[in-house]
Amino acid sequence: MTACSRKITVAIGLIGGFWLAGVAAASDSTAIRLAHDVCAGCHGVDGNSLVPNFPKLAGQQKVYLLRELKDYRSGKRVSEIMAPLVAELGDGDLEQLAAYYAKQAPAPGIVNDPGLLAVGKSLYLNGNSTTDVPACESCHEADGSGSGKFPRVAGQHSEYALDQFRLYATGKRTNGARVMKAVAERMSEEETRAVAEYMASMP
Amino acid sequence: MKLSPRSSILAALLIAAFSTPAAQADFQQQPRAAGIETYGYTWNSPDQDMNRALAHRADPGKGEAAYKVCKGCHKADGAGLADADYPQLAGQHASVIIKQMMDIRAGRRDNPRMYPFAGEWIVSAEEIADIAAYLQQLPIPSSNGKGNGYHLPRGKTLYDKDCASCHGKTGEGNAANFYPMVAGQHFSYLKRETRESRDHGRRNASPEMVKVLKGYSDADVEAVSDYMSRLKADR
């Protein structure tokens, strides 16, 4: 083989290699590998976390997921667990992660205290005008599916939801908080628990 | 000036005490702008936020989607809630909704309850214009809250004498002048706002109106509010 033909062979090999890499990226990108290898530990392979303190991500709104991921990266949403995991990821990776979880089918939630469902349903659908709590359904939709920046709440772990209400009420969750802080601090302890149960009960 | 080590520690402590927690707690507090209580206050003076909304080519379809954040209290049909003093908004002039929203955003009208749901972090000036256009074309509900009906003749006399010249004979308001439609509004809301205007609590009220209301007793306010709540706007 001449030096020239060897160069051509290498070139063809390189092009082929890039092409293969391109195909691999499309079907199993860094982000998706990350979802399977790292995120799955807490959030489940398909985003249906089995641990009540870690949120379910399956079927979550893509816009919301992307905002949260970016906020974890910038520190606007504070989490010692999430911050180092997303620190090195680029916008493209985050977008793929968000798209991946948004596409997964959400599994039904678990109700811990069915006795609270009636109170939760009433607050979720009508709010409480005595304390100026707006109806949750106006932003999160009657079926809890959310829309855009307003997250899906249906089937979410009630433990996680409760944590978030408390973080908002005490000013510790500061992203998306201008609206949710006002809501969370106007809700009674019973209402908070009840609405978390009702959200978990929604298919 | 040279600070002693002790006083600089004190200063540092003071700065820490006043800066961090306050910055956290205040981020959704409504600002306060000069209103009727301030000497030289001009009603409906130009406002950048308001001009942006008024200049926007409003789209009621987009407004329906953006209204999402409002309907948790004001309800899907815009009827509000009589018992909670959430005003009826369906059929209200778009200009009126824009002006009132911008007065609340700027702090000329105090509404700390609604403020977290009204800021630019949740609705842009353009979206407010879209929402206002959407509400304006909704049918006016007739199931609004009304008063006891005992003093309607007195209410009519007062209304025709003092209110009709601006708010219209049938309570239809005046879009060009930012005068709200009062017909079909909840009695409890009208009563509260009229009384607040009289007592300078509604700080974005028109001084002209406040002058008229000065002579109103609580009973007068109630009578005229009851009358307005029963008007059917001719538009």
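Calculation notes
Residues numbered from 1 in each chain as written. Chains lettered and ligands numbered in written order. Predicted model: local features only at pLDDT ≥ 70, side-chain atom pairs only at ≥ 80, totals over all residues. Domains from an automatic or database assignment. Contact = placed C-beta atoms within 7 Å. Nonpolar A, V, L, I, M, F, W, Y, C, P; charged D, E, K, R; others polar. Helix = DSSP H or I, 4+ residues; strand = E, 2+ residues; numbered from the N terminus. Axes fitted to C-alpha atoms, helices over the stretch in contact; angles between N-to-C directions. Parallel < 35°, antiparallel > 145°, perpendicular 65-115°, else oblique. Buried ≥ 20, exposed ≤ 12 C-beta atoms within 10 Å, placed from the backbone. Core = buried A, V, L, I, M, F, W, Y, C linked by C-beta atoms within 7 Å.

All names here are of chain B. What the domain assignment lists for chain B is domain 1 (48–136) and domain 2 (152–229). Taking the mean C-alpha position of each, domain 1 and domain 2 sit 21 Å from one another. With 15 residues of domain 1 at the interface, the matching set in domain 2 holds 14 residues. Split into classes, the residues belonging to the side of domain 1 that touches domain 2 amount to three nonpolar, six polar and six charged.

Residue and element names in this part refer to chain B. Secondary-structure assignment places arginine 203 in the loop between helix H8 (187–198) and helix H9 (207–213). Between the alpha carbons of arginine 203 and asparagine 174 there is a distance of 20 Å; along the sequence they are 29 residues apart. Not counting residues within four places of it along the chain, the set of residues in contact with arginine 203 comprises Gly35, Ile36, Glu37, Arg108, Arg109 and Asp110.

A separate point is the packing of helix H8 (residues 158–169) of chain A against helix H9 (residues 177–186) of chain A. All names here are of chain A. Where H8 contacts H9, the axes come no closer than 8 Å and their chain directions differ by 100°. Taken together, H8 and H9 sit at an angle that is classed as roughly perpendicular. Across the interface between the two elements, Phe165, Tyr168 and Ala169 from H8 touch Ala177, Met180, Lys181, Ala184 and Glu185 from H9. A breakdown of the residues in the contact of H8 with H9 according to their chemical character gives six nonpolar, no polar and two charged.

In an α-helix there are 3.6 residues to a turn, and that puts residues three or four apart on one side. Among all positions in H9 of chain A, only Ala177, Val179, Lys181, Ala182, Val183 and Ala184 of chain A are buried. Buried positions along H9 of chain A lie against H8 of chain A.

Glancing now at the nonpolar core. One finds Met199 of chain A together with Ile98, Ile128 and Ala132 of chain B to be the most contacted residues of the largest nonpolar core, which totals 52 residues. Put simply, the parts of the chain that give this core at least two residues each are helix H6 (117–126), H8, H9 and helix H10 (189–201) of chain A together with helix H2 (48–55), helix H4 (68–74), helix H5 (94–106) and helix H6 (125–136) of chain B. Considering each element in turn, this core owes the most residues, eight residues, to H6 of chain B. Not counting chain neighbours up to four residues away, the residues in contact with isoleucine 98 of chain B comprise Met50, Ala53, Leu54, Ile128, Ala129 and Ala132 of chain B. Of all hydrophobic cores here, the second largest spans 17 residues; its members include Ala35, Cys39, Val86 and Tyr101 of chain A.

This part takes up the domain arrangement of chain A. Residues and elements named next belong to chain A. Domain annotation for chain A reports domain 1 (3–103) and domain 2 (114–201). With 14 residues of domain 1 in contact, the opposing surface of domain 2 contributes 16 residues. Across the side of domain 1 that touches domain 2, the residue classes break down as five nonpolar, four polar and five charged.

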